[in-house]
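Geometric and topological summary
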Amino acid sequence: MKPKVLVARSVFPATLERLRAQFDVEDNPDDIIYSKPQLIERLHGKAGAFTTGSERIDAEVLDANPQLRVVANMAVGYNNFDIPAFTVRGVLATNTPDVLTETTADFGFALMMATARRMAESEHFLRRGEWTRWAYDMFTGSDVHGATLGILGMGRIGQGIARRGALGFGMNVIYHNRSRLSAEQEAPIGARYVDKATLLREADHLVLVLPYSPQSHHVIGAAELAQMKPTATLTNIARGGIVDDAALAAALRERRIAAAGLDVFEGEPSVHPDLLTVPNVVLTPHIASATVATRRAMAELAADNLVAALTGGTPPTPINPEVIGRR
Ligand code: GLV
């Protein structure tokens, strides 16, 4: 008998087909976002699950489904998983790193540029029919080339953005991270490690690329925004909750910073109503990894993990590899 697997959201038909060849698959063709009780019920009898960031898997979900052996997340971030709860129960968790790094770095850089050069705000002006003449100060923004790029969270994606800034746009790169990069990693991009206060004070364009955890909750709030230059921009492609969105909306409205670019939001898909009314913010619906090729690669990697974990293979990208072989 084939192991039973839940595919919790709609995915590429080819990925589903591949999983059906190995497993007895329950899919979600209507792409319903399951409530916790629904998720618990759907997971009954399943040995594995294919999830996205919208499914929260915690101790309660795992305890209700003790037969579950692996959950493969189609995302690099896994703040929707309670990893200690997985590990103590011997359940494997996997994610999709690397395959999305360059695509996400492209988007982070693009969002930062769109923010600095006021692309969304000026497009809205044009669409409203308000463009009647040229003016010397119409939508003047701030330069990206040669400016100081600040990166908070210098993992793979942060380094990708830094590389684009330093090598493509002659930016001066400063960063803060839990751990400092090696000299070999810093040298090609001329990246300078600084403390958080220096990063906030010196960055012309600050980009957030750190994982969400209780420690990174509201890492950027009113006090941090107050330390930034009034001409600075802030770009968040990391996770909602890292920025205090209400405090950011107030800072944008009062022009305490120049502009923000946001791909992620506290409580998304809801967006803080004040962010919807301030003009100097570029808003996108959590699409930093969204190219066809990258989303395919993410789906395939999540499937690789699921197949390997349930067929005695070696899952390529485990989050808690210490549980492998324990059950
Ligand atoms: C997207 O946000 C991801 O974590 O892959």
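Residues numbered from 1 in each chain as written. Predicted model: local features only at pLDDT ≥ 70, side-chain atom pairs only at ≥ 80, totals over all residues. Heavy atoms only, no water.

**So, the overall build of the protein chain**
When helices and strands are counted, the protein chain shows 13 helices and 12 strands. By the compact-globule yardstick of 20 Å for 327 residues, the protein chain fits well, its C-alpha radius of gyration being 21 Å. Dimensions along the principal axes, computed over C-alpha positions, put the protein chain at roughly 70 × 50 × 35 Å. Split by element, the accessible area of the protein chain, about 15100 Å² in all, is 55% carbon and sulfur. (Helix = DSSP H or I, 4+ residues; strand = E, 2+ residues; numbered from the N terminus. Rg over C-alpha atoms; globule rule 2.2 N^0.38 Å. Areas by Shrake-Rupley, 256 points an atom, 1.4 Å probe, with all protein chains shown as cover.)

**Here we look at the packing of aromatic side chains**
For the structure on display, the rule yields 4 aromatic pairs. Pairing Tyr175 with Tyr193 gives two aromatic rings, centres 5.2 Å apart and planes at 65°, and the pair type is edge-to-face. Taken together, the residues Tyr175 in strand S7 (residues 172-176) and Tyr193 in strand S8 (residues 192-193) connect sequence positions 18 residues apart. Take Tyr175: its relative accessible area is 0%, and that puts it in the buried class. (Phe/Tyr/Trp six-rings, centres within 6.5 Å; stacked < 30°, edge-to-face > 60°. Buried < 20%, exposed > 50% of the residue type's maximum accessible area, 1.4 Å probe, protein only.)

**Some points on the domain arrangement of the protein chain**
Assigned domains within the protein chain: domain 1 (4-99 + 292-323) and domain 2 (101-283). Spacing between the C-alpha centres of domain 1 and domain 2 amounts to 32 Å. Contacts between the two partners involve 6 residues from domain 1 and, on the opposite side, 5 residues from domain 2. Area buried by domain 1 at its contact with domain 2 is led by Asn79, Asp98 and Thr294, which between them contribute 69% of it. Across the contact surface, domain 1 and domain 2 share 1 salt bridge. Ionic pairing is found between Asp98 and Arg156, a salt bridge with its closest N-O pair at 3.2 Å. On inspection of domain 1 and its partner domain 2, the count reaches 4 residue pairs in polar contact (both at pLDDT 80 or more). (Domains from an automatic or database assignment. Contact = heavy atoms within 4.5 Å. Buried area = accessible area lost by both parts, 1.4 Å probe. Salt bridge = Lys/Arg side-chain N within 4 Å of Asp/Glu carboxyl O. Polar contact = N/O pair within 3.5 Å; in protein donor to acceptor, adjacent residues only side chain to side chain.)

**A look at the environment of Val282**
Of note, Val282 is situated in strand S12 (residues 281-283). For the pair Val282 and Arg201, spaced 81 residues apart in sequence, the C-alpha separation works out to 22 Å. Those residues in contact with Val282 that lie beyond four places of it in its chain are Leu111, Ala114, Thr115, Ala120, Ala260, Gly261 and Leu262.

**A look at unusual backbone geometry**
Most peptide bonds adopt trans geometry, and most residues besides glycine take a negative phi value. Note that the residue after Glu268, namely Pro269, is joined by a cis bond; omega there is 15°. Following the sequence through the fold, Pro269 ends up in the loop between strand S11 (259-262) and helix H12 (273-277). Notably, Asp31 is not glycine yet its phi reads approximately 55°, a positive angle. Note that Asp31 resides in the loop between strand S2 (24-26) and helix H2 (36-42). Relative accessible area serves as the criterion here: at 29%, Asp31 is assigned to the partly exposed category. Unusually for a residue other than glycine, His286 sits at a positive phi of about 50°. Within the secondary structure layout, His286 lies in the loop between S12 and helix H13 (292-310).

**Let's talk about the site of the ligand**
In the vicinity of the ligand, the contacting residues are Ala75, Val76, Gly77, Leu100, Arg239, His286 and Met298. Between Val76 and the ligand, the recorded distance is 2.8 Å, taken from a backbone N or O atom to an oxygen atom. Within the side chain of Arg239, a nitrogen or oxygen atom sits 2.7 Å from an oxygen atom of the ligand. If the ligand stood free it would expose 200 Å²; the protein chains cover 84% of that surface. Here the shell around the ligand is composed, by residue class, of 4 nonpolar, 2 polar and 1 charged. (Near = heavy atom within 4 Å. Nonpolar A, V, L, I, M, F, W, Y, C, P; charged D, E, K, R; others polar.)

**Observations regarding the pattern of salt bridges**
In the structure shown here, the tally under the stated rule is 22 salt bridges. Note that Arg89 is salt-bridged to Asp63, the shortest N-O span being 2.7 Å. With a gap of 26 residues between them, Arg89 in the loop between helix H4 (83-88) and strand S5 (92-94) and Asp63 in helix H3 (residues 59-63) connect regions that are remote in the sequence. Linking Asp106 and Arg164 is a salt bridge whose minimum nitrogen-to-oxygen distance equals 2.9 Å. Here Asp106, found in helix H5 (residues 101-116), pairs with Arg164, found in helix H7 (residues 156-169); they are 58 residues apart in sequence, far enough to count as distant. Since its relative accessible area comes to 18%, Arg164 is described here as buried. Each member of the salt-bridge network shares a partner with another, and the members are Glu102, Asp106, Arg163 and Arg164.

**Observations concerning the sheet that holds S2**
Ordered in space as S2-S1-S3-S4-S5, the 5 strands form an open sheet in which the pairing is parallel. The open sheet has two edge strands with one neighbour each: S2 and S5. If you compare each strand with its neighbour and ignore which way they point, the axes differ by 15° on average. Direction of pairing for strand S3 (residues 48-51) relative to strand S4 (residues 70-73): parallel, over a ladder of 4 bridges. Considered in S4, the bridge of Phe50 is made with Ala72. Against the sheet, helix H1 (residues 13-22) contacts strand S1 (4-7), S2 and S3, and its axis sits at roughly 140° relative to S2. (Pairing = 2+ DSSP bridges. Axes fitted to C-alpha atoms, helices over the stretch in contact; angles between N-to-C directions.)

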